[in-house]
Amino acid sequence: VTQSDITEDHSYNYYWNAVSNAKTQITDDLVVGSGVYYKTGDFTINQQSIPSSYGTATFNQIVFINGNLTIDKDIAVGSNSTALFIVSGNVNISKGVNVLSVGIFTGGQINTAYDINEGEGSSTLVLHGIYSADKFNFQRTLQGTNNSTDPSEDFTYEPKYLINLKSFFTSS
């Protein structure tokens, strides 16, 4: 395309600086509540780091991870809630994770089955939300007849992220 505009690089720092709200540090667990949160260093989402009411409470939040994000457990928010993870490093999703109903932006790559071994099968990864990465590394392989009819990764875009989170940013 001739004379096309240069695309903007929306990096971790770009989003960090674009958020107008105060940021609250988290340590080992996610928070059930609206706001902007951050974690310096790598973070793992697992059984211990997800509060029991995380999937049923109503909130809108942005979680900055200045490091890598590892997801070892399904994570979902309620239909009226949003949780957007903005990650400076890579996002590693375990082969045992089947559902992600959150948003993820990363300047690194999203690995959909970082712990899968050669020849090993996995279930379809269902992703509901909004996702952006420098590179998507689709690693899942379905076994048997599922390979001919079902996707290994199934994305469903949810516009609620643009609507619910726009008030957190200084400009549109």
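What comes next is a walk through the structure. Model, not experiment: these values are computed from the prediction.

The buried count for strand E4 (residues 60-66) comes to six of seven residues, which makes it a mostly enclosed element. In terms of strand pairing, strand E2 (residues 35-40) meets E4 through six bridges, oriented parallel. Within E4, the position partnered with Tyr38 by the bridge is Phe64.

Across soluble globular proteins, you tend to see nonpolar side chains buried next to one another. Core analysis: the largest hydrophobic core is formed by 40 residues, its most contacted members being Ile71, Ile75, Phe85 and Leu100. In terms of residue count, strand E7 (residues 82-87) provides more of this core than any other element does, five residues in total. Setting aside its immediate chain neighbours within four residues, Leu100 contacts Ile71, Ile75, Ile93, Leu125, Val126, Leu127, His128 and Tyr131.

Let us look at the pattern of salt bridges. A full pass over the atoms with the stated rule returns two salt bridges. Between Glu120 and Lys95 there is a salt bridge, with the nearest N and O atoms lying 2.6 Å from each other. Residue Glu120 is located in the loop between strand E11 (109-111) and strand E12 (125-129), and its partner Lys95 is located in the loop between strand E8 (91-93) and strand E9 (99-101); the two are separated by 25 residues in the primary sequence. Note on Lys95: relative accessible area 24%, which makes it partly exposed. Measuring nitrogen to oxygen at the nearest pair gives 3.9 Å for the salt bridge that ties Glu158 to Lys160. Accessibility classification places Glu158 together with Lys160 in one group, the buried group.

A separate point is the sheet that holds E4. Strand order in the open sheet made by the six strands is E1-E2-E4-E7-E10-E13, with parallel pairing throughout. Two strands close off the open sheet at either side, each with one partner strand: strand E1 (23-25) and strand E13 (131-132).

Here the structure, examined in full by the defined rule, presents 12 aromatic pairs. With a centroid separation of 5.0 Å and 80 degrees between ring planes, the pair formed by Trp16 and Phe64 is classed as edge-to-face. One end of the pair, Trp16, is in helix H1 (residues 12-18); the other, Phe64, is in strand E4, and 48 residues separate them in sequence. Their ring planes at 75 degrees and their centres at 6.1 Å tell us that Phe138 and Phe155 sit as a pair that is edge-to-face. A residue pair is termed long-range when its members are at least 10 positions apart, and Phe138 in the loop between strand E14 (135-137) and helix H2 (146-149) and Phe155 in strand E15 (residues 153-157) qualify at 17 residues. Under the relative-accessibility criterion, Phe138 is labelled partly exposed at 47%. Put simply, the rings of Tyr12, Trp16, Tyr38 and Phe64 pair up and form one aromatic cluster. Taking NZ or CZ as reference, Lys23 lies 4.5 Å from the ring centre of Trp16, over its face.

Cut-offs applied
- Residues numbered from 1 in each chain as written.
- Predicted model: local features only at pLDDT ≥ 70, side-chain atom pairs only at ≥ 80, totals over all residues.
- Heavy atoms only, no water.
- Buried < 20%, exposed > 50% of the residue type's maximum accessible area, 1.4 Å probe, protein only.
- Helix = DSSP H or I, 4+ residues; strand = E, 2+ residues; numbered from the N terminus.
- Pairing = 2+ DSSP bridges.
- Core = buried A, V, L, I, M, F, W, Y, C linked by side-chain atoms within 4.5 Å.
- Contact = heavy atoms within 4.5 Å.
- Salt bridge = Lys/Arg side-chain N within 4 Å of Asp/Glu carboxyl O.
- Phe/Tyr/Trp six-rings, centres within 6.5 Å; stacked < 30°, edge-to-face > 60°.
- Lys NZ or Arg CZ within 6 Å of the ring centre and 35° of its normal.

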